[in-house]
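What follows is each chain in one-letter form.
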Amino acid sequence: MKISKRIIRLNNSQSFVSVLFFHVCLFTFAVLLLTSCNTTEPPPSNQKLTLTAEDASCTEAWLNLKTDNISLPTEIVLKQNDSTIITANINSSDTTLYIENLLPSQTYTFQTIIPAQQNGGQASNKVSITTMDTTSHNFTWETFTFGGGSSSSHLSDVTIINENSIWAVGEIHTEETDQFDSNGVWIKPYNAVHWDGKNWELKRVFINGYFYPLYSIYAFDENDIWFANLSLIHWNGKDYKFYTTPPLNSTGTGWNINSIWGKSSKDFYVVGNGGSIAHYNGNSWRKIESSTKAILSDIYGINNDIYVAGGSNIAYTGILLKENKEGFSVIKEGTSQYVDTIFTPYFVGSLSSVWLSPTGTLYFGGQALYKNKYNK
């Protein structure tokens, strides 16, 4: 007697049907249909995906995805106008999704979906975003020029408190400065200029009674402003107060404080030459390891994401640092050779500026402007 068996499984998401054939010699004795329930546990009823529209430019959009009671990591699918544009794994219950290559002045609808094989399958709400129109911004530029005479003037840094209060610092020479007055007193140049909404006023900020050019400035409000070169001066709305020099490195390039950034006058950072980074807590300074001896030109942060930009003008190379638990570490290094695309981990030339947008874009540049995403 010859016996053979064949099993066919038909998936219908809830059960499968097995058809079992027994053939004994030339006779068919029976056909047995067996139905088996799916033993997979249904997803918890309190699982939830929440999608929120955060921001949009002319060609980019930022979405926020929050998960509740969903096992991570999990795969998600992002749909744009019902077409899948991204399939990726997420590891966080709070994730920023970045979409590019959109068209200006267009409305897009987005939805995130967890496939059925992942966490039982879930779908978020739908959100719509309208990208900005390229013609929706009318900028009027005004040029203001300071300085004159036989000496060279420059501005190093600027801080904007509001449209009626803007400060810039540097070294400004005029026709009246750099000479003796009628009383035989030497007329010093200026090191600051202030905009009051109508006019610019040249100013001199003295450091411990002495005049020096200023390299950086940062304002927390109208009556809480920090000026710096090697040391710091604080304006409290009434008086200027001198602060001792932060712990900085010396590499033969000077100890200048090139940039200031922080959350308050009791929680801010300074960066400078020789890879110098220091933090002030309102009472004392703490020197921070930067893992470099490069000239650090700028610092900026949002919440716990803090970046520093710098490099070498001589070697024509740049460096980008990010804060971690041990200090600051290098996350990108530039090259003296031109690189054809900004999507490589390299960039050309020294960096002089860094800035973060609230929507999760990192901008940095010197000879050129680059942008990247960071984890918001």
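A.B. asks: When you look at the packing of aromatic side chains in this model, what are you seeing that I'm missing?
C.D. replies: Geometrically, a pair of aromatic rings is defined through the distance of the ring centres and the angle of the planes. According to the stated counting rule, one finds 26 aromatic pairs in the structure shown. An angle of 70 degrees between the planes, with centres 6.2 Å apart, marks the rings of Phe206 and Phe211 as edge-to-face. Three or more aromatic residues joined by ring pairs make a cluster, and in this case those are Tyr218, Phe220, Trp226, Tyr243, Phe268, Tyr280 and Trp285. Taking NZ or CZ as reference, Arg204 lies 4.1 Å from the ring centre of Tyr190, over its face.

A.B. asks: Explanation requested: the sheet that holds strand β22 (residues 257–264) in the structure shown.
C.D. replies: Strands belonging to one sheet form pairs held by backbone hydrogen bonds; the direction of such a pair is parallel or antiparallel. Taken together, four strands build an open sheet; the order of strands is β22-β23-β24-β25 and the sheet is antiparallel. The sheet terminates laterally at β22 and β25 (285–287), the two strands that pair on one side only. For this sheet the average axis-to-axis angle between neighbouring strands, irrespective of direction, equals 20 degrees. Direction of pairing for β22 relative to strand β23 (residues 267–272): antiparallel, over a ladder of six bridges. Bridge pairing links Ile257 to Gly272 in β23.

A.B. asks: Quick question: what am I supposed to make of unusual backbone geometry here?
C.D. replies: Excluding glycine, a negative phi dihedral is what most residues carry, and trans is how most peptide bonds are arranged. Here the residue pair Leu72 and Pro73 is connected by a cis peptide bond, since its omega of 0 degrees sits within 30 degrees of zero. Checked against the element boundaries, Pro73 lands in the loop between β5 (61–68) and β6 (74–80). Although it is not a glycine, Asp82 sits at a positive phi angle of roughly 70 degrees. Tracing the backbone shows Asp82 in the loop between β6 and β7 (83–90). Notably, Asp178 is not glycine yet its phi reads approximately 65 degrees, a positive angle. Note that Asp178 resides in the loop between β13 (165–172) and β14 (190–195).

A.B. asks: Would you mind showing me how to read the pairing of strand β31 (residues 361–365) here?
C.D. replies: Successive side chains on a regular strand alternate, one facing one side of the sheet and the next facing the other. The buried fraction of β31 amounts to four of the five residues, a majority that puts the element mostly inside the structure. In this sheet, β31 lies alongside strand β30 (residues 353–356) in antiparallel orientation, the contact comprising four bridges. When the bridges of β31 are listed, Trp355 appears paired with Tyr363.

A.B. asks: Whenever I open this one, the sheet that holds strand β8 (residues 94–99) confuses me. Can you help?
C.D. replies: Reading across from one edge, β4-β5-β8 is the order of the three strands in this open sheet, with antiparallel pairing throughout. Because the sheet does not close on itself, it has two edges, and the strands there are β4 (48–56) and β8. Neighbour to neighbour, the strand axes of the sheet diverge by 25 degrees on average, direction disregarded. Pairing of β4 with β5 involves eight bridges; the strand directions are antiparallel. Within β5, the residue paired with Ala56 across the bridge is Ala61.

A.B. asks: How should I be thinking about the nonpolar core in this particular structure?
C.D. replies: Across soluble globular proteins, you tend to see nonpolar side chains buried next to one another. Judged by nonpolar contacts, the single largest core of 26 residues is most densely connected at Leu232, Ile260 and Ile277. Looking at this core, the elements with two or more residues in it are β19 (224–228), β22, β23, β24 (276–280), β26 (295–302), β27 (305–312) and β28 (317–324). Among the elements that take part in this core, β23 stands out by supplying four residues, more than any other. If we skip the residues at most four places from it in the chain, Ile277 touches Tyr269, Val270, Val271, Arg286, Lys287, Ile288, Ser290, Leu296, Val308, Leu321 and Phe328.

Each value, and the rule that gives it
Each residue is numbered by its place in its chain's sequence as written, counting from 1. In view of the model being predicted, local features appear only for residues whose pLDDT reaches at least 70, and side-chain atom pairs are presented and counted only at 80 or more, with totals across whole chains, interfaces and linings using the full set of residues. Water and hydrogen atoms were dropped before computing side-chain values, which therefore reflect all heavy atoms in the structure. By convention, a stacked pair of Phe, Tyr or Trp rings (six-membered ring in the case of Trp) has centres within 6.5 Å and planes under 30 degrees apart, an edge-to-face pair has planes over 60 apart, and any other such pair is tilted. Lysine NZ or arginine CZ positioned within 6 Å of the ring centre and within 35 degrees of the ring normal marks a charge as sitting over the ring. Strand pairing is defined by DSSP finding a minimum of two bridges between the two strands. Here a strand is any run of E in DSSP of at least two residues, a helix any run of H or I of at least four, and the numbering for each starts at the N terminus. Each axis is a line fitted through C-alpha atoms, and for a helix only the stretch in contact is used; angles between axes span 0 to 180 degrees, taken between their N-to-C directions. Relative accessibility thresholds used throughout: buried, under 20% of the residue-type maximum; exposed, over 50%; partly exposed, between the two (1.4 Å probe, protein chains only). Residues grouped as a nonpolar core are buried Ala, Val, Leu, Ile, Met, Phe, Trp, Tyr and Cys residues, joined through side-chain atoms within 4.5 Å. Pairs of residues are marked as contacts when any of their non-hydrogen atoms sit within 4.5 Å.

None of the figures reported here should be taken as evidence of function without further support.
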